[in-house]
Amino acid sequence: MRRFHEAKVNGAKEVVVWGTGSPLREFLHVDDLADAVVFMMEKYSGLEHLNVGSGKEVTIKELAESMKEVVGFEGDLVWDSTKPDGTPRKLMDSSKLAALGWTPKVSLKDGLVHTYKWYLENVKQ
């Protein structure tokens, strides 16, 4: 987010992103994590661990495009495929928690908007 913001402020023509953009990632807003913890304290007394996750994946490319849009960066995304992609996939199995009736409420896009607003209000520029 910082890199996109700085590119926007400095009028950069591009932001370089490592890899191909194809790896998949799962994101969960901190407010959803807090909500899940309270939900589990109220509804769950088992001994098995429960993973907390959104259950939704996006590619790094989709994330970068969303970040570009939220920040308002108008330049190009350049993919440097000479750099590593990293782990191909990171996804929690949160099916046990979902079966208990919990689902996240904050979409990735809304989370990015909220985080960028916080960034603008709290990070010295």
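Residues numbered from 1 in each chain as written. Predicted model: local features only at pLDDT ≥ 70, side-chain atom pairs only at ≥ 80, totals over all residues. Heavy atoms only, no water.

1. Here we look at the pattern of salt bridges
Under the defined criterion, the tally for this structure stands at six salt bridges. With a closest N to O distance of 2.9 Å, Glu-6 and Arg-2 form a salt bridge. Taken as a pair, Glu-6 and Arg-2 lie in helix H1 (residues 2–9) at a separation of four residues, close to a single helical turn. The partner of Lys-109 in a salt bridge is Glu-69, with the nearest N and O atoms 2.7 Å apart. Of this pair, Lys-109 sits in helix H5 (residues 108–122) while Glu-69 sits in helix H3 (residues 60–71), placing them 40 residues apart in sequence. (Salt bridge = Lys/Arg side-chain N within 4 Å of Asp/Glu carboxyl O. Helix = DSSP H or I, 4+ residues; strand = E, 2+ residues; numbered from the N terminus.)

2. A few points about the pairing of strand E1 (residues 14–18)
The side-chain alternation of E1 yields one buried face, formed by Val-15 and Val-17, and one unburied face, formed by Glu-14, Val-16 and Trp-18. Judged from the five bridges that link them, E1 and strand E4 (residues 76–80) form a sheet pairing that is parallel. Within E4, the residue paired with Val-15 across the bridge is Leu-77. (Buried < 20%, exposed > 50% of the residue type's maximum accessible area, 1.4 Å probe, protein only. Pairing = 2+ DSSP bridges.)

3. Quick word on the packing of H1 against H5
Two numbers describe how H1 lies on H5: the axes approach to 11 Å, and their chain directions differ by 60°. As for how H1 packs across H5, the hand of that crossing is right-handed. Packed against H1, whose contacting residues are Arg-2, His-5 and Lys-8, the element H5 presents Tyr-116, Tyr-119 and Leu-120 at the interface. Of the residues in the contact of H1 with H5, the class split is three nonpolar, one polar and two charged. (Axes fitted to C-alpha atoms, helices over the stretch in contact; angles between N-to-C directions. Left-handed = near helix turned anticlockwise from the far one by under 90°. Contact = heavy atoms within 4.5 Å. Nonpolar A, V, L, I, M, F, W, Y, C, P; charged D, E, K, R; others polar.)

4. Observations concerning the UniProt feature "domain: NAD-dependent epimerase/dehydratase" (unreviewed entry) in the protein chain
Cross-referencing UniProt, the feature "domain: NAD-dependent epimerase/dehydratase" (unreviewed entry) maps to residues 2–53 in the present numbering. Taken end to end, residues 2–53 is 42% helix and 15% strand, and its two terminal C-alpha atoms sit 24 Å from one another. (UniProt positions renumbered as here; feature names shortened; annotations may be inferred.)

5. What to know about the sheet that holds strand E2 (residues 24–26)
Spatially, three strands are ordered E3-E2-E5 in an open sheet, and the strand pairing comes out mixed. At either end of the open sheet lies a strand with only one pairing partner, and these are strand E3 (57–59) and strand E5 (89–90). Relative to E3, E2 is paired through three bridges, and the arrangement is antiparallel. By the bridge assignment for E3, Leu-24 is matched with Thr-59. Across the face of the sheet, H3 comes into contact with E2 and E3 while running at roughly 80° to E3.

6. Overview of the side chain of Ser-94
Along the polypeptide, Ser-94 turns up in the loop between E5 and helix H4 (95–99). Setting aside anything within four residues of it in sequence, one finds Ser-94 in contact with Asn-51, Val-52, Gly-53 and Gly-55.

7. Quick look at the side chain of His-29
Its location among the elements puts His-29 in the loop between E2 and helix H2 (30–43). Its relative accessible area of 14% is what places His-29 among the buried residues. Those residues within four positions of His-29 in sequence are excluded, and the remaining contacts are Val-106, Gly-111 and His-114.

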